[in-house]
Amino acid sequence: MELEAPVRALLDGYRSMAAVGLDLNDPEDLSKIRAMAIQTDLDLSDGPVDGVEISDVVIDDVPVRLYRPAAGGALPLHVYFHGGGFMLGSALSGELDGLLSRRALDAHCLVASVEYRLAPEHRFPAGVNDCYAALIGLCADAERNGIAPQAVTMGGASAGGNLAAAVALKARDTDGPRISLQLIEIAGLDLTDSSRAWRNPDLGHDTTREADVAWNDLHLSSPAERVHPYVSPFFAPDLAGLAPAYLMNAEFDPRRDECEAYAARLQDAGVQAVSRTMRGHIHGSSMLPNWRPAQDWRAAANAVLAAAHEAALAGRPVDLPVAATTTA
């Protein structure tokens, strides 16, 4: 299969960044990489939609950008964690305003995008702790924040999807807020990168196993942390009692294998879980605002969230749509 032109251009962009040869351990080089990533993300972003108020707040010392649709009464809460390999990206840059304002409108919810601390300046568990603190703080003051506390979901893409899965585990482990759904998109859930896909490079793979492991290790204090459940949720010994999960994967993303395996482990633990693979996509191509399959991806994600919020407000379990192995 040949990748479509916008996807090939995105893949070329990944490879161009990797070819620069900058040292991630050097602060000046890391700043250059972040500047390159921001420019790339600006090319992928679209502007906010009408009818959604955007504001910035601080929740327990963690900056959070809120997207609130015009609606009366308390709203479901969707807590979102951005991607960027734990070292790049920002909730406050404006790059996600189009994606998340549309999500707030379509999923009929308040979206809270968390500005968690980035590695390597702030290594694990800093990012997980920030994400969890924002969740706890928002829910603890639900009435003032205009939140319906019985309808709380979380999600994220790439590293943000990893953080969503980790925070769902932490919420269960610490008797935290009840989560109605975890929406996990293109996430690395096994930071050992030990699946077959990582060891067999194929069409559309955005990086190599060696490069990805080296990158992820800058998020950690030691290689031993690669298998910590809040680093690699796939290795959590017990998944019982977790929130239902909807995992969305790109057909040509090596992380797809571990997402599918995680969904299977959740199902074995009695947790409702669906893994859906989107045809023709690579890692991150769901961010292409003018590519129809990316628009379809976003619409599908928002529809699942809307259904989860509706079910939670009605006091019934969410009924996740069954997904085929691949879909248009």
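On a predicted model such as this, the values are computed, not experimentally measured, just so you know.

Basis of the calculations
- Residues numbered from 1 in each chain as written.
- Predicted model: local features only at pLDDT ≥ 70, side-chain atom pairs only at ≥ 80, totals over all residues.
- Heavy atoms only, no water.
- 1 Å grid on protein atoms, 1.4 Å probe; cavity = no way out; pocket = protein on both sides within 12 Å on 5 of 7 lines; lining within 4 Å.
- Points joined across faces, edges and corners; volume = space filled by probe spheres on them.
- Helix = DSSP H or I, 4+ residues; strand = E, 2+ residues; numbered from the N terminus.
- Nonpolar A, V, L, I, M, F, W, Y, C, P; charged D, E, K, R; others polar.
- Salt bridge = Lys/Arg side-chain N within 4 Å of Asp/Glu carboxyl O.
- Buried < 20%, exposed > 50% of the residue type's maximum accessible area, 1.4 Å probe, protein only.
- Pairing = 2+ DSSP bridges.
- Axes fitted to C-alpha atoms, helices over the stretch in contact; angles between N-to-C directions.
- Contact = heavy atoms within 4.5 Å.
- Left-handed = near helix turned anticlockwise from the far one by under 90°.
- Right-handed = clockwise from strand over helix to strand, strands pointing away.
- Lys, Arg positive; Asp, Glu negative; His and termini not counted.
- Polar contact = N/O pair within 3.5 Å; in protein donor to acceptor, adjacent residues only side chain to side chain.
- Core = buried A, V, L, I, M, F, W, Y, C linked by side-chain atoms within 4.5 Å.

A look at the layout of surface pockets
Here is step 1 of the chain: Estimates place the volume of the second largest pocket at around 190 Å³.
Here is step 2 of the chain: As for the second largest pocket, its lining consists of R196, A197, N200, D202, L203, H205, E251, F252, D253, P254, R256 and D257.
Here is step 3 of the chain: Only helix 7 (196-199) and helix 9 (256-268) provide two or more residues apiece to the lining of the second largest pocket.
Here is step 4 of the chain: For the lining of the second largest pocket, the per-class residue count stands at four nonpolar, two polar and six charged.

Here we look at the pattern of salt bridges
Here is step 1 of the chain: Inspection of every chain in the model, using the stated rule, returns 16 salt bridges.
Here is step 2 of the chain: Close ionic contact of E185 with R103 constitutes a salt bridge, the shortest N to O distance being 3.2 Å. A residue pair is termed long-range when its members are at least 10 positions apart, and E185 in strand 6 (residues 181-185) and R103 in helix 3 (residues 97-106) qualify at 82 residues. Of the two residues, E185 and R103, both sit in the buried class.
Here is step 3 of the chain: Among the ionic pairs, D253 bridges to R255, the shortest N-O distance being 2.6 Å. No difference in accessibility class separates D253 from R255, as the two residues are buried.

Focus on the sheet that holds strand 4 (residues 110-114)
Here is step 1 of the chain: Taken together, eight strands build an open sheet; the order of strands is 1-2-4-3-5-6-7-8 and the sheet is mixed. The two strands at the open ends of the sheet, each matched to only one other strand, are strand 1 (52-59) and strand 8 (273-278). Strand-to-strand, the axes of this sheet are offset by a mean angle of 20°, without reference to chain direction.
Here is step 2 of the chain: Strand direction decides the pairing type here: strand 7 (residues 245-250) and strand 8, joined by six bridges, are parallel. Each residue of the ladder has a partner; that of M248, found in strand 8, is R276.
Here is step 3 of the chain: Along the sheet, helix 10 (residues 292-314) makes contact with strand 3 (75-81), strand 5 (147-157), strand 6, strand 7 and strand 8, crossing strand 5 at roughly 155°.

Side note on the packing of helix 4 (residues 126-140) against helix 6 (residues 159-173)
Here is step 1 of the chain: One way to put it is that helix 4 packs onto helix 6 with a least axis distance of 10 Å and a crossing angle of 65°. The element helix 4 and its partner helix 6 pack so that their crossing is right-handed. Residue-level inspection shows G127, V128, N129, C131, Y132 and L135 of helix 4 in contact with helix 6, the latter providing L163, A166, V167, K170 and A171.
Here is step 2 of the chain: For the contact of helix 4 with helix 6, a count of residues per class yields eight nonpolar, two polar and one charged.

Topic: empty space enclosed by the protein
Here is step 1 of the chain: For the structure on display, the rule yields two cavities of 30 Å³ or more.
Here is step 2 of the chain: Looking at the largest cavity, its volume works out to about 60 Å³.
Here is step 3 of the chain: Along the walls of the largest cavity sit Y80, L99, R103, A157, E185, S286, M287, W297 and R298, which together make up its complete lining.
Here is step 4 of the chain: Listed by contribution, the elements that provide at least two residues to the lining of the largest cavity are helix 3 and helix 10.
Here is step 5 of the chain: In this structure, the second largest cavity encloses a volume near 30 Å³.
Here is step 6 of the chain: Class assignment of the residues belonging to the lining of the second largest cavity gives a composition of three nonpolar, three polar and one charged.

Side note on the pairing of strand 8
Here is step 1 of the chain: Buried residues dominate strand 8, accounting for six of its six residues.
Here is step 2 of the chain: Where burial is concerned, the two faces of strand 8 agree: the one with A273, S275 and T277 and the one with V274, R276 and M278 are both buried.
Here is step 3 of the chain: Where the polypeptide runs from strand 7 across helix 9 and back to strand 8, its parallel neighbour, the crossover connection is right-handed.

Notes on the side chain of D193
Here is step 1 of the chain: Within the element layout of this structure, D193 appears in the loop between strand 6 and helix 7.
Here is step 2 of the chain: Comment: no salt bridge for buried D193; closest opposite-charge side chain is R209, at 5.6 Å.
Here is step 3 of the chain: A distance of 3.4 Å separates a polar atom in the side chain of D193 from a polar atom in the side chain of W198.
Here is step 4 of the chain: For D193, the residues in contact, after removing those within four places along its chain, are W198, R209, D212, V213 and N216.

What about the nonpolar core?
Here is step 1 of the chain: Judged by nonpolar contacts, the single largest core of 55 residues is most densely connected at L77, F81, L135, M154 and Y262.
Here is step 2 of the chain: Broken down by secondary-structure element, the contributors of at least two residues to this core are strand 2 (62-69), strand 3, strand 4, helix 4, strand 5, helix 6, strand 7 and helix 9.
Here is step 3 of the chain: At nine residues, the largest contribution of residues to this core is made by helix 6.
Here is step 4 of the chain: Excluding residues that lie within four positions of it along the chain, L135 makes contacts with V79, V152, M154, V167, P177 and I179.
Here is step 5 of the chain: Judged by nonpolar contacts, the second largest core, of 29 residues, contains V49, M278, A311 and L320.

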